[in-house]
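# Geometric and topological summary
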Amino acid sequence: MKERPRIDVALGQDRAAELVGRYRDRLVEQDMIPPDRALRLACQAYCDGYVYVLAAPGQVWERIEQHAWGGDHLLILSLDQSWLGRTALCEFDDGEHEELLLDELDEHYTLHSWPAEEGGEPSWTGPGQRPY
(Lines give C-alpha, C1' and ligand atoms only; values in the text may rest on other atoms or scores of the structure.)
Protein backbone atom coordinates (compact mmCIF):
# COMPACT_ATOMS: atom_id res chain seq x y z
CA MET A 1 0.00 0.00 0.00
CA LYS A 2 1.39 3.39 -0.94
CA GLU A 3 2.11 5.98 1.70
CA ARG A 4 -0.40 8.84 1.71
CA PRO A 5 0.82 12.43 2.09
CA ARG A 6 -0.18 14.30 5.25
CA ILE A 7 -1.31 17.76 4.30
CA ASP A 8 -0.82 19.13 7.80
CA VAL A 9 2.86 18.16 7.58
CA ALA A 10 3.25 19.39 4.00
CA LEU A 11 1.38 22.67 4.44
CA GLY A 12 1.17 23.39 8.13
CA GLN A 13 -1.90 23.11 10.31
CA ASP A 14 -3.44 26.47 9.40
CA ARG A 15 -3.32 25.99 5.63
CA ALA A 16 -4.46 22.36 5.93
CA ALA A 17 -7.40 23.47 8.06
CA GLU A 18 -8.24 26.13 5.46
CA LEU A 19 -8.29 23.55 2.63
CA VAL A 20 -10.41 21.13 4.65
CA GLY A 21 -12.76 23.96 5.60
CA ARG A 22 -13.22 25.06 1.99
CA TYR A 23 -13.97 21.51 0.90
CA ARG A 24 -16.44 21.17 3.79
CA ASP A 25 -18.14 24.38 2.65
CA ARG A 26 -18.45 23.04 -0.91
CA LEU A 27 -19.97 19.81 0.38
CA VAL A 28 -22.50 21.77 2.45
CA GLU A 29 -23.39 24.15 -0.39
CA GLN A 30 -23.31 21.82 -3.41
CA ASP A 31 -24.35 18.50 -1.88
CA MET A 32 -26.47 19.87 0.99
CA ILE A 33 -24.63 17.73 3.54
CA PRO A 34 -25.00 18.87 7.16
CA PRO A 35 -21.87 20.82 8.27
CA ASP A 36 -20.71 18.32 10.93
CA ARG A 37 -20.96 15.38 8.49
CA ALA A 38 -19.37 17.45 5.70
CA LEU A 39 -16.42 18.23 7.99
CA ARG A 40 -15.91 14.52 8.72
CA LEU A 41 -16.05 13.71 4.98
CA ALA A 42 -13.62 16.53 4.13
CA CYS A 43 -11.15 15.41 6.81
CA GLN A 44 -11.39 11.81 5.62
CA ALA A 45 -10.89 12.78 1.96
CA TYR A 46 -7.64 14.59 2.75
CA CYS A 47 -6.51 11.95 5.25
CA ASP A 48 -7.05 9.18 2.68
CA GLY A 49 -5.28 11.21 -0.02
CA TYR A 50 -8.37 11.13 -2.26
CA VAL A 51 -6.83 12.29 -5.53
CA TYR A 52 -9.97 14.07 -6.76
CA VAL A 53 -9.76 16.40 -3.75
CA LEU A 54 -5.99 16.41 -3.24
CA ALA A 55 -4.63 17.06 -6.76
CA ALA A 56 -3.99 20.74 -7.55
CA PRO A 57 -1.95 22.79 -10.02
CA GLY A 58 1.58 23.49 -8.83
CA GLN A 59 2.02 20.17 -7.03
CA VAL A 60 4.93 17.85 -7.79
CA TRP A 61 4.12 14.14 -7.80
CA GLU A 62 6.70 11.32 -7.73
CA ARG A 63 6.44 7.98 -9.54
CA ILE A 64 5.93 5.15 -7.02
CA GLU A 65 8.11 2.72 -8.97
CA GLN A 66 11.14 4.41 -10.51
CA HIS A 67 11.82 3.67 -14.21
CA ALA A 68 14.88 4.05 -16.42
CA TRP A 69 12.77 5.85 -19.04
CA GLY A 70 10.76 9.03 -18.71
CA GLY A 71 10.60 11.42 -15.82
CA ASP A 72 10.05 10.18 -12.29
CA HIS A 73 8.53 13.50 -11.18
CA LEU A 74 5.76 15.55 -12.70
CA LEU A 75 4.34 18.99 -12.12
CA ILE A 76 0.57 19.41 -12.38
CA LEU A 77 -0.01 22.38 -14.67
CA SER A 78 -3.82 22.30 -14.72
CA LEU A 79 -6.84 20.12 -14.07
CA ASP A 80 -9.59 19.52 -16.61
CA GLN A 81 -12.53 17.31 -17.46
CA SER A 82 -12.38 15.18 -20.62
CA TRP A 83 -14.74 12.61 -22.07
CA LEU A 84 -12.58 10.01 -20.29
CA GLY A 85 -12.90 11.67 -16.87
CA ARG A 86 -11.04 14.17 -14.70
CA THR A 87 -7.50 14.77 -15.96
CA ALA A 88 -4.28 16.55 -15.02
CA LEU A 89 -2.07 18.22 -17.61
CA CYS A 90 1.44 17.40 -16.41
CA GLU A 91 5.00 18.40 -17.20
CA PHE A 92 7.57 15.73 -16.40
CA ASP A 93 11.05 16.58 -15.15
CA ASP A 94 12.44 15.60 -18.57
CA GLY A 95 10.32 18.32 -20.23
CA GLU A 96 7.67 16.02 -21.71
CA HIS A 97 3.97 16.89 -21.32
CA GLU A 98 1.10 14.46 -20.92
CA GLU A 99 -2.51 14.50 -19.84
CA LEU A 100 -3.16 11.84 -17.19
CA LEU A 101 -6.44 10.64 -15.76
CA LEU A 102 -6.51 11.35 -12.02
CA ASP A 103 -7.00 7.61 -11.48
CA GLU A 104 -3.66 6.99 -13.29
CA LEU A 105 -2.00 9.71 -11.22
CA ASP A 106 -3.29 8.08 -8.04
CA GLU A 107 -2.24 4.58 -9.10
CA HIS A 108 1.31 5.36 -10.23
CA TYR A 109 2.36 8.49 -8.31
CA THR A 110 2.40 9.93 -4.81
CA LEU A 111 2.38 13.58 -3.82
CA HIS A 112 5.95 14.82 -3.44
CA SER A 113 5.50 18.53 -2.68
CA TRP A 114 2.80 21.15 -2.61
CA PRO A 115 3.07 24.71 -3.94
CA ALA A 116 4.09 27.32 -1.38
CA GLU A 117 0.61 28.85 -1.34
CA GLU A 118 -2.45 28.88 -3.51
CA GLY A 119 -1.80 31.25 -6.38
CA GLY A 120 1.89 31.27 -5.43
CA GLU A 121 4.90 29.99 -7.24
CA PRO A 122 4.86 26.29 -8.14
CA SER A 123 7.19 23.87 -6.41
CA TRP A 124 9.42 23.61 -9.46
CA THR A 125 10.49 26.12 -12.02
CA GLY A 126 10.76 24.04 -15.18
CA PRO A 127 12.10 20.91 -16.82
CA GLY A 128 15.38 19.70 -15.45
CA GLN A 129 15.23 22.07 -12.46
CA ARG A 130 14.44 19.68 -9.66
CA PRO A 131 13.03 21.09 -6.43
CA TYR A 132 13.98 18.03 -4.41
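Since we're looking at a predicted model, the values are computed, not measured. (Residues numbered from 1 in each chain as written. Predicted model: local features only at pLDDT ≥ 70, side-chain atom pairs only at ≥ 80, totals over all residues. Heavy atoms only, no water.)

On to the environment of Asp 93. Of note, Asp 93 is situated in the loop between β3 (85-92) and β4 (97-101). Considering only alpha carbons, one finds Asp 93 and Asp 72, 21 residues apart in sequence, at a separation of 7.1 Å. A distance of 3.5 Å separates a polar side-chain atom of Asp 93 from the backbone nitrogen of Asp 72. (Helix = DSSP H or I, 4+ residues; strand = E, 2+ residues; numbered from the N terminus. Polar contact = N/O pair within 3.5 Å; in protein donor to acceptor, adjacent residues only side chain to side chain.)

Our focus in this paragraph is the side chain of Arg 63. Position of Arg 63 relative to the elements: it lies in strand β1 (residues 60-63). Looking at Arg 63, its side chain comes within polar contact range of the side chain of Tyr 109, at 3.3 Å.

On to the sheet that holds strand β2 (residues 73-82), then. Where strands meet in a sheet, backbone hydrogen bonds hold them as pairs that are either parallel or antiparallel. Taken in spatial order, the 5 strands line up as β4-β3-β2-β1-β5 in an open sheet, and their pairing is antiparallel. If you trace the sheet from one side to the other, it starts and ends with β4 and β5 (109-113), each paired once. Adjacent strand axes in the sheet meet at a mean angle of 45°, parallel and antiparallel pairs treated alike. As judged from the 4 bridges shared by β1 and β5, these two strands associate in the antiparallel manner. Note on β5: the bridge partner recorded for Glu 62 is Thr 110. (Pairing = 2+ DSSP bridges. Axes fitted to C-alpha atoms, helices over the stretch in contact; angles between N-to-C directions.)

Turning next to the environment of Ala 45. Examined against the element boundaries, Ala 45 turns out to sit in helix α3 (residues 35-47). If we ignore the near neighbours within four places in the chain, the residues touching Ala 45 are Tyr 23, Tyr 50 and Val 53. (Contact = heavy atoms within 4.5 Å.)

Turning to unusual backbone geometry, a few remarks are in order. Glycine aside, residues mostly have negative phi, and peptide bonds are mostly found in the trans state. The phi torsion at Met 32 lies on the positive side, around 55°, for a residue other than glycine. With respect to the helices, strands and loops of the structure, Met 32 is situated in the loop between α2 (13-31) and α3. For Met 32, a relative accessible area of 72% gives the class exposed. (Buried < 20%, exposed > 50% of the residue type's maximum accessible area, 1.4 Å probe, protein only.)

To continue, consider the pattern of salt bridges. Going through the model one piece at a time under the given rule, you end up with 3 salt bridges. A salt bridge links Glu 18 to Arg 22; the shortest N-O distance between them is 4.0 Å. Of this pair, Glu 18 and Arg 22 both sit in helix α2, 4 residues apart, roughly one helical turn. By relative accessible area, Glu 18 is classed as partly exposed at 44%. (Salt bridge = Lys/Arg side-chain N within 4 Å of Asp/Glu carboxyl O.)

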